[in-house]
Amino acid sequence: MKIVSNPQQLQEISTRLRKDQLTIGFVPTMGYLHEGHRALLKEAREQNEIVIMSIFVNPLQFGPNEDLESYPRDFERDKQVAIEEEVDYLFHPTVEEMYPEQMSVTVKVGRRTNCLCGRSRPGHFDGVATVLTKLFHLVQPTNVYFGKKDAQQVAVVDGLIQDFHFPINLVDVNTVREEDGLAKSSRNIRLTPTERQEAGILYKSLSLARAELIKGQDNLELLKKQVMDLIERESSGKVDYFEILTYPRLEMVKELTGEIIIATAVQFGKARLIDNIIFELENTPR
Ligand code: AMP
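The model shown is predicted, which means the values in this text are computed figures rather than measured ones.

Participant: Help me get a handle on the domain arrangement of the protein, residues and values and all.
Facilitator: Taken domain by domain, the protein consists of domain 1 (2-173) and domain 2 (186-276). Measuring from the centre of the C-alpha atoms in domain 1 to the corresponding centre in domain 2 gives 26 Å. Counting each side, the surface lost to burial between domain 1 and domain 2 is near 1,700 Å², with a carbon and sulfur contribution of 54%. It is Arg-112, Leu-116 and Lys-149 in domain 1 that bury the most area against domain 2; as a group they hold 29% of the surface buried on that side.

Participant: Just give me the short version of the sheet that holds strand S5 (residues 143-147), but keep the residues and values in it.
Facilitator: Across the sheet, six strands lie side by side as S1-S4-S3-S2-S5-S6; this open sheet has parallel pairing. Where the open sheet ends on each side, the last strands, each with one partner, are strand S1 (2-4) and strand S6 (169-173). The mean inter-strand angle of the sheet, taken between neighbouring strand axes irrespective of direction, is 25 degrees. In this sheet, S6 lies alongside S5 in parallel orientation, the contact comprising five bridges. Across the sheet, the residue bridging to Val-144 is Leu-170, located in S6. Sitting on the sheet, helix H2 (residues 35-47) touches strand S2 (24-29), strand S3 (50-55), S5 and S6, and the angle it makes with S5 is about 155 degrees. The strands touched by helix H7 (residues 151-163) are S5 and S6; relative to S5, the strand with the most contacts, the crossing angle is about 155 degrees.

Participant: Explain the state of the cysteines residue by residue, including any values.
Facilitator: In total, this model carries zero disulfides according to the counting rule given. Free of any disulfide, Cys-115 has its nearest neighbouring cysteine sulfur in Cys-117, separated by 9.1 Å. What makes Cys-115 buried here is its relative accessible area of 8%.

Participant: Any chance you could break down the packing of aromatic side chains for me, citing the residues and the numbers?
Facilitator: In total, this model carries three aromatic pairs according to the counting rule given. Relative to Tyr-99, the ring of Phe-56 lies with its centre 6.1 Å away and its plane at 45 degrees, an arrangement referred to as tilted. One end of the pair, Phe-56, is in the loop between S3 and helix H3 (75-84); the other, Tyr-99, is in the loop between helix H4 (95-98) and helix H5 (116-120), with 43 residues separating them in the sequence. The class for Tyr-99 is buried, based on a relative accessible area of 11%. Here Phe-136 and Phe-166 contribute two aromatic rings whose centre-to-centre distance is 5.2 Å and whose plane-to-plane angle is 80 degrees, an arrangement assigned as edge-to-face. Separated by 30 residues along the polypeptide, Phe-136 in helix H6 (residues 124-139) and Phe-166 in the loop between H7 and S6 bring together distant segments of the chain. With a relative accessible area of 2%, Phe-136 lands in the buried category. Given the relative accessible area of 10%, Phe-166 is considered buried. Over the face of the ring belonging to Tyr-32 we find Arg-77, whose NZ or CZ atom lies 5.3 Å from the ring centre.

Participant: Lay out the side chain of Thr-264 in plain terms, naming residues and giving numbers.
Facilitator: Relative to the helices and strands, Thr-264 resides in strand S8 (residues 258-268). Overall, the relative accessible area of 0% leaves Thr-264 in the buried class. Reaching out from Thr-264, the side chain makes a polar contact with the backbone oxygen of Tyr-241 at a distance of 2.9 Å.

Participant: Account for the environment of Pro-167, naming residues and giving values.
Facilitator: Mapped onto the secondary structure, Pro-167 falls in the loop between H7 and S6. Residue classification places Pro-167 among the exposed positions, given a relative accessible area of 71%. Sequence-wise, Pro-167 and Gln-102 are 65 residues apart; in three dimensions their C-alpha atoms are separated by 27 Å. Beyond its immediate chain neighbours, meaning those up to four positions away, Pro-167 contacts Pro-141 and Thr-142.

Participant: I'd love a proper account of the sheet that holds strand S9 (residues 271-281), names of residues and values included.
Facilitator: As summarised here, the arrangement of the three strands in space is S7-S8-S9, forming an open sheet in which the pairing is antiparallel. For this open sheet the edge positions go to strand S7 (238-246) and S9, each flanked by a neighbour on one side alone. Neighbour to neighbour, the strand axes of the sheet diverge by 10 degrees on average, direction disregarded. On top of the sheet, helix H10 (residues 220-234) reaches S7 and S8; it is set at about 150 degrees to S7, its chief contact.

Participant: Outline the site of the ligand, supporting the account with residue identities and numerical values.
Facilitator: The ligand sits among 17 residues. The nearest are Met-30, His-37, Asp-150, Val-176 and Lys-184. With respect to the ligand, the side chain of His-37 contributes an N or O atom lying 2.9 Å from an oxygen atom. In the environment of the ligand, an oxygen atom lies 2.6 Å from a nitrogen or oxygen atom belonging to the side chain of Asp-150. Relative to its free-state accessible area of 490 Å², the ligand is covered by the protein chains to the extent of 93%. Those elements that place two or more of their residues in the shell around the ligand are S2, H2 and S5. Ranked by residue count, the leading element in the shell around the ligand is H2, at three residues. Grouping the amino acids of the shell around the ligand by side-chain chemistry returns six nonpolar, eight polar and three charged.

Calculation rules
- Residues numbered from 1 in each chain as written.
- Predicted model: local features only at pLDDT ≥ 70, side-chain atom pairs only at ≥ 80, totals over all residues.
- Heavy atoms only, no water.
- Domains from an automatic or database assignment.
- Buried area = accessible area lost by both parts, 1.4 Å probe.
- Pairing = 2+ DSSP bridges.
- Helix = DSSP H or I, 4+ residues; strand = E, 2+ residues; numbered from the N terminus.
- Axes fitted to C-alpha atoms, helices over the stretch in contact; angles between N-to-C directions.
- Contact = heavy atoms within 4.5 Å.
- Disulfide = S-S within 2.5 Å.
- Buried < 20%, exposed > 50% of the residue type's maximum accessible area, 1.4 Å probe, protein only.
- Phe/Tyr/Trp six-rings, centres within 6.5 Å; stacked < 30°, edge-to-face > 60°.
- Lys NZ or Arg CZ within 6 Å of the ring centre and 35° of its normal.
- Polar contact = N/O pair within 3.5 Å; in protein donor to acceptor, adjacent residues only side chain to side chain.
- Near = heavy atom within 4 Å.
- Areas by Shrake-Rupley, 256 points an atom, 1.4 Å probe, with all protein chains shown as cover.
- Nonpolar A, V, L, I, M, F, W, Y, C, P; charged D, E, K, R; others polar.

Encoded structure:
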């Protein structure tokens with residue numbers, strides 16, 4: 001495995017690989033790798049001749065009061081994981097290498113962001129789309145891999161690829177979970193043992209809401225309130241949002257049919273956790 005930190009050097013490498021007609025699978029991450037990242041890497045390894053992973057904690061996507069400084073990092077361990085998953089190139093630039101000076105042009109996301117994390121974290125998806133535009137030009141991937149755990153990110157990247165005509169195929173990968181259903185996340189490390197026990201409530205509440213919808217519950221406001229009350233009654237978590245929307249457009253549900261996403265964000269002490277379930281509702285008579 002080759003470690004590259006210089007953006008121009010990476011672009012030269014990928015230009016050469018593409019000239020040689022090799023397929024490139026790209027897995028962008030912020031590091032502190034876990035089983036969720038490994039699932040993306042495994043899929044990329046199976047489907048491409050070359051696998052490139054980036055590890056970069058992108059300052060542009062963190063708000064002023066967010067956890068940029070304290071975001072967990074362990075490059076030595078990540079390097080080991082990358083070797084185990086047979087990554088060919090590990091791109092690990094410094095902030096100065098990625099942003100030598102303030103950008104004169106950035107990407108602004110205009111749709112799919114006025115809800116969920118886009119509403120709670122203003123500017124977050126602009127930062128994501130900007131860094132991904134840079135990374136796509138540097139890596140020139142054939143396929144790019146994202147986790148459904150960050151479903152709104154998948155929806156935004158889908159828009160970015162379509163609107164800017166990136167010749168890239170987007171692959172979304174199922175969420176990898178702990179035994180109690182908690183989605184694996186680099187931020188889970190911040191949970192106290194008690195909070196870790198309680199955090200299973202995210203998946204439990206999403207599953208419960210899905211079961212209610214399938215049973216025919218059509219009062220979404222009531223359902224959302226009941227589930228939010230349940231989360232706050234059974235845990236110390238504070239609900240940031242609990243939403244039921246269409247997917248991937250992330251619009252208000254008018255008819256209970258088609259692809260639906262139920263998504264939640266809950267703050268536990270020092271960790272803000274997110275999770276979602278995406279499923280198809282059949283148009284059954286109620
Ligand atoms: P991050 O390092 O948190 O930016 O995540 C990098 C990629 O891994 C993103 O596409 C995430 O959606 C994905 N990812 C994170 N956690 C999981 C998980 N539990 N299961 C599947 N993919 C995940």
